[in-house]
Amino acid sequence: MKKNNLIMLTIMTAATLSGCNAPKGDGGKFASFTAENMDQTIDPSVDFYQYANGGWMKQHPLPNDKSRFGTFDMLAEESREKVKIVIEQAAQTKGAKGSISQQIGDFYASGMDTLKREEKGWEPIKPLLDKIQSINNATELTSLVAYLHKKQINPFFYFYSTPDQKNSAW
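Residues numbered from 1 in each chain as written. Predicted model: local features only at pLDDT ≥ 70, side-chain atom pairs only at ≥ 80, totals over all residues. Heavy atoms only, no water.

Asks: Would you explain the overall build of the protein chain in this entry?
Replies: Each helix and strand counted, the protein chain has 7 helices and 0 strands in total. Reading the secondary structure of the protein chain in the N-to-C direction produces α-α-α-α-α-α-α. The buried share of the protein chain, taken over its 170 residues, is 16%. Considering only contacts in the protein chain between residues 6 or more positions apart, those separated by 24 or more positions represent 28%. As displayed, the protein chain offers around 13800 Å² of accessible surface, 59% of which is attributable to carbon and sulfur atoms. (Helix = DSSP H or I, 4+ residues; strand = E, 2+ residues; numbered from the N terminus. Buried < 20%, exposed > 50% of the residue type's maximum accessible area, 1.4 Å probe, protein only. Contact = heavy atoms within 4.5 Å. Areas by Shrake-Rupley, 256 points an atom, 1.4 Å probe, with all protein chains shown as cover.)

Following this line, the structure appears as structure tokens:
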């Protein structure tokens, strides 16, 4: 599983970085602050936010399914699309046996094969469901939670670290 995660991370990084090599004449698609993104018809002393961001908001209306939409969101969407293209191409063109391309293609195809998933039903996860069903006490539950964490399945909680929101120096 960790190998698959590494492969996917490599592909996503490559796809993202390929977008960083955009030609200089692309019109500054991801420029964060330009006069084009301003609404210079607004008096900045009355509504500075609208003055500074009005052009952007007119050119990029907030999609109904989002609570925010900015240049980083555009970049994320573009990166997802590029990764999707790479993965779909790997699934369509059979790479050399054992190659990363072949592994990615097979992994993607297995997830997209809804008929096979329906045919197999719960069978692939039956051993895990049986482990859950067999829990009789807190000790067995603790063992199962530890087992699931080893498999990178996070029931109830997960561990991660972030900066202290009130004191970023920590």
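Asks: Explain the packing of helix α6 (residues 126–133) against helix α7 (residues 138–150) to me, please; I cannot follow it from the model alone.
Replies: Two measures define how a pair of helices packs: the angle their axes make with one another and the distance between the axes. Where α6 meets α7, the closest approach of the two axes is 10 Å, and the angle between their N-to-C directions is 155 degrees. Our classification of the angle between α6 and α7 gives roughly antiparallel. In this structure, α6 meets α7 at a crossing whose hand is left-handed. Residues L128, K131 and I132 of α6 lie in contact with α7, whose contacting residues are L144, Y147 and L148. Looking at the contact of α6 with α7, its residues break down into 5 nonpolar, no polar and 1 charged. (Axes fitted to C-alpha atoms, helices over the stretch in contact; angles between N-to-C directions. Parallel < 35°, antiparallel > 145°, perpendicular 65-115°, else oblique. Left-handed = near helix turned anticlockwise from the far one by under 90°. Nonpolar A, V, L, I, M, F, W, Y, C, P; charged D, E, K, R; others polar.)

Asks: Help me out: how do you make sense of a nonpolar patch on the surface in this one?
Replies: Residues W122, I125, L129 and I132 make up a contiguous nonpolar surface patch of roughly 410 Å² in combined accessible area. Mapped onto the secondary structure, L129 falls in helix α6. (Patch = residues over 30% accessible without salt bridge, like charges linked within 9 Å, V, L, I, M, F, W, Y side chains within 5 Å. Salt bridge = Lys/Arg side-chain N within 4 Å of Asp/Glu carboxyl O.)

Asks: Whenever I open this one, the packing of aromatic side chains confuses me. Can you help?
Replies: For any pair of aromatic rings, the description consists of the separation of the ring centres together with the inter-plane angle of the planes. In total, this model carries 3 aromatic pairs according to the counting rule given. For the cation-ring pair, K131 lies above Y147, with the distance from its terminal atom to the ring centre recorded as 4.1 Å. (Phe/Tyr/Trp six-rings, centres within 6.5 Å; stacked < 30°, edge-to-face > 60°. Lys NZ or Arg CZ within 6 Å of the ring centre and 35° of its normal.)

Asks: Teacher, can you tell me more about the packing of helix α3 (residues 71–92) against helix α4 (residues 100–112) here?
Replies: Running from N to C, α3 and α4 cross one another at 95 degrees; their axes reach a closest spacing of 7 Å. Here α3 lies roughly perpendicular to α4, going by the angle between them. In this structure, α3 contributes I87, E88, A90 and A91 to the contact, and α4 contributes S101, I104, G105 and Y108. Here the residues of the contact of α3 with α4 are counted per class, giving 5 nonpolar, 2 polar and 1 charged.

Asks: What exactly am I supposed to notice about the pattern of salt bridges here?
Replies: Between side chains of opposite charge, a pair can form as their charged atoms come close. One pass over the full model with this rule turns up 6 salt bridges. Taking the shortest distance from any N to any O, the salt bridge between D39 and K58 comes out at 3.0 Å. Here K58 lies in helix α2 (residues 48–59) and D39 lies in the loop between α1 (2–20) and α2, a separation of 19 residues in the sequence. Between K66 and D65 there is a salt bridge, and its shortest N-O distance comes to 3.9 Å. Under the relative-accessibility criterion, D65 is labelled exposed at 65%. Through salt bridges with shared partners, a single ionic network connects D65, K66 and E77.

Asks: Which parts of the structure should I look at to understand α7?
Replies: Along an α-helix, residues three or four apart share an orientation, since each turn contains 3.6 residues. Over its 13 residues, α7 runs 18 Å from end to end, which matches the ideal 18 Å to within 8%, given 1.5 Å per residue. Tucked inside the fold, the buried residues of α7 contact α6. Backbone nitrogen of T139 and a side-chain oxygen of the N-cap are separated by 3.1 Å at the start of α7; the cap is N137. At the exit of α7 stands Q152, carrying a positive phi of roughly 65 degrees. (Expected span 1.5 Å × (residues − 1). Polar contact = N/O pair within 3.5 Å; in protein donor to acceptor, adjacent residues only side chain to side chain.)

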